[in-house]
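Structure at a glance
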Amino acid sequence: MLRVNNISLKFSDTTVLDDVSIGFEKGNIIGLIGPNGAGKSTLLRVLAQLQKPDVGTIEIDGVNATKIASNNFAKKVTYLPQTGVCHWPLTVERLVALGRYPHQDSQQLSELDMQAVEQAIVETDIEHLIGRSVNTLSGGERARVMLARALATQADILLADEPIVALDPRHQIDVMVLLKALAQKGKTVVVVLHELHLAMRYCDRLVLLDNGQKVSEGLAKGVLSADNLQTVYGVDAIYGEHEGSEWILPWGQ
């Protein structure tokens with residue numbers, strides 16, 4: 001299990017995270033939701049050990065994350081940032097192969113490395129982009145390539161910061177289906193989302209943050225209650241059911 005205990009963090013005089021404790025269970029996709037500036041992306045960076053908290057600890061299977069060697073941590077946890085920036089004109093397949101870096105003992109990709117790269121390319125539906133420079137891709141295409149790089153690591157824990165924000169509706173659903181499938185295979189998937197309808201449909205659990213504090217945690221229906229939406233987002237919503245699944249549509253102020 002991945003767990004944060006009593007995490008607090010300030011930037012200058014601004015409290016970004018305030019005594020946040022959450023357990024992220026294996027085999028679940030957990031959505032971090034909340035308005036802009038709630039602390040979602042910062043919490044994800046703390047989980048990835050890219051941001052050191054002022055107070056609190058991160059544990060993986062009961063072990064303090066700071067005690068895990070960096071290379072072993074990189075094999076256990078993969079992080080997909082919000083922006084898909086690539087500073088070199090790499091081909092798509094070369095960029096995806098960078099996800100295997102924690103596993104490599106040499107510059108050459110092993111057969112297992114190649115299999116992982118090919119699997120990630122197929123899962124993210126980017127076979128038709130092979131051979132192209134990443135710098136020539138659209139924002140949505142680049143987002144899927146970056147996701148493929150994260151998947152190629154084959155880590156037990158995937159931290160994804162708004163992985164569907166630049167995608168069209170079909171690929172938004174494709175990515176959420178893929179993340180759900182990864183969770184069902186026993187991985188821990190933590191994803192930052194603004195799309196509440198997809199959060200309700202695909203996430204096993206939700207964590208609602210506001211002003212750096214955890215407001216609500218649990219099943220989607222309870223977290224996305226009318227009271228919570230009005231209190232945190234200042235909006236009303238319409239609720240319904242289709243094909244046995246509940247849905248939500250934020251509607252008005």
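Note that the structure is predicted; figures quoted are calculated from it, not measured.

The rules behind each value
- Residues numbered from 1 in each chain as written.
- Predicted model: local features only at pLDDT ≥ 70, side-chain atom pairs only at ≥ 80, totals over all residues.
- Heavy atoms only, no water.
- Helix = DSSP H or I, 4+ residues; strand = E, 2+ residues; numbered from the N terminus.
- Buried < 20%, exposed > 50% of the residue type's maximum accessible area, 1.4 Å probe, protein only.
- Polar contact = N/O pair within 3.5 Å; in protein donor to acceptor, adjacent residues only side chain to side chain.
- 1 Å grid on protein atoms, 1.4 Å probe; cavity = no way out; pocket = protein on both sides within 12 Å on 5 of 7 lines; lining within 4 Å.
- Points joined across faces, edges and corners; volume = space filled by probe spheres on them.
- Pairing = 2+ DSSP bridges.
- Axes fitted to C-alpha atoms, helices over the stretch in contact; angles between N-to-C directions.
- Parallel < 35°, antiparallel > 145°, perpendicular 65-115°, else oblique.
- Contact = heavy atoms within 4.5 Å.
- Nonpolar A, V, L, I, M, F, W, Y, C, P; charged D, E, K, R; others polar.
- Expected span 1.5 Å × (residues − 1).

A word on the side chain of Asn5. Looking at where Asn5 falls in the secondary structure, it is placed in strand 1 (residues 2-11). Overall, Asn5 belongs to the buried group, its relative accessible area being 14%. One polar contact links Asn5 to Arg3, side chain to side chain, over a distance of 2.9 Å.

In this structure, the largest pocket occupies an estimated 410 Å³ of space. Every residue lining the largest pocket is counted, 18 residues in all, and those nearest its centre are Ala74, Val77, Thr78, Tyr79 and Pro102. When contributions to the lining of the largest pocket are tallied by element, the ones reaching two or more residues are helix 2 (70-76), strand 6 (77-80) and helix 5 (139-152). In terms of residues, the lining of the largest pocket owes the most to one element, strand 6, which gives four residues.

Okay, the sheet that holds strand 2 (residues 14-24) next. Pairing in this open sheet of four strands is antiparallel, and the strands run 2-1-4-5 from one edge to the other. Edge positions in the sheet fall to strand 2 and strand 5 (63-64), since each has one partner strand and no second. Where strand 4 (residues 55-60) meets strand 5, two bridges bridge the pair, whose relative direction is antiparallel. Bridge pairing in strand 5 links Ile60 to Val63.

Contact geometry for helix 5 and helix 6 (residues 169-184): axes closest at 12 Å, N-to-C directions at 10°. Between helix 5 and helix 6, the angle is such that the two are roughly parallel. Along its contact with helix 5, which presents Arg144, Leu147 and Leu151, the element helix 6 presents His171, Val175, Leu178 and Leu182. The residue makeup of the contact of helix 5 with helix 6, split by class, is five nonpolar, one polar and one charged.

Let us now look at the sheet that holds strand 6. Across the sheet, six strands lie side by side as 6-7-8-3-9-10; this open sheet has mixed pairing. The strands lining the two open edges of the sheet, one partner per strand, are strand 6 and strand 10 (213-218). The mean inter-strand angle of the sheet, taken between neighbouring strand axes irrespective of direction, is 15°. In the sheet, strand 7 (residues 157-161) pairs with strand 8 (residues 188-192) via five bridges, with the strands oriented parallel. Its bridge partner lying in strand 8, Leu158 is registered against Val189. Sheet contacts for helix 5: strand 6 and strand 7; angle to strand 6, the most-contacted strand, approximately 175°. Packed on one face of the sheet, helix 9 (residues 226-233) meets strand 3 (29-33), strand 9 (205-210) and strand 10 and runs near 30° to strand 9.

Bridge count for strand 11 (residues 237-242) against strand 12 (residues 245-250) is six bridges, and the pairing is antiparallel. Each residue of the ladder has a partner; that of Gly240, found in strand 12, is Trp247. Hairpin connection, strand 11 to strand 12: the antiparallel pair is bridged by two residues, and Glu243 has positive phi, about 50°.

Even without being glycine, Asp61 reaches a positive phi, approximately 50°. By secondary structure assignment, the location of Asp61 is in the loop between strand 4 and strand 5. Since its relative accessible area comes to 44%, Asp61 is described here as partly exposed. A positive phi is found at Asp125, a non-glycine position, where the angle reads about 60°. Along the chain, Asp125 falls in the loop between helix 4 (111-123) and helix 5. Of the residues examined, Asp125 reaches a relative accessible area of 24% and is grouped as partly exposed.

This part takes up helix 6. For helix 6, built from 16 residues, the straight-helix expectation of 22 Å at 1.5 Å per residue is met to within 8% by its first-to-last C-alpha distance of 23 Å. If you check which residues of helix 6 are buried, you get His171, Gln172, Val175, Met176, Leu178, Leu179, Lys180, Leu182 and Ala183. Buried positions along helix 6 lie against strand 3, helix 4, helix 5, strand 7, strand 8 and helix 7 (196-202). At the N-terminal end of helix 6, a side-chain oxygen is found 3.1 Å from the backbone nitrogen of Arg170, two or three residues along, and the residue is Asp168. Phi for Gly186, located one or two positions after helix 6, is positive at around 105°.

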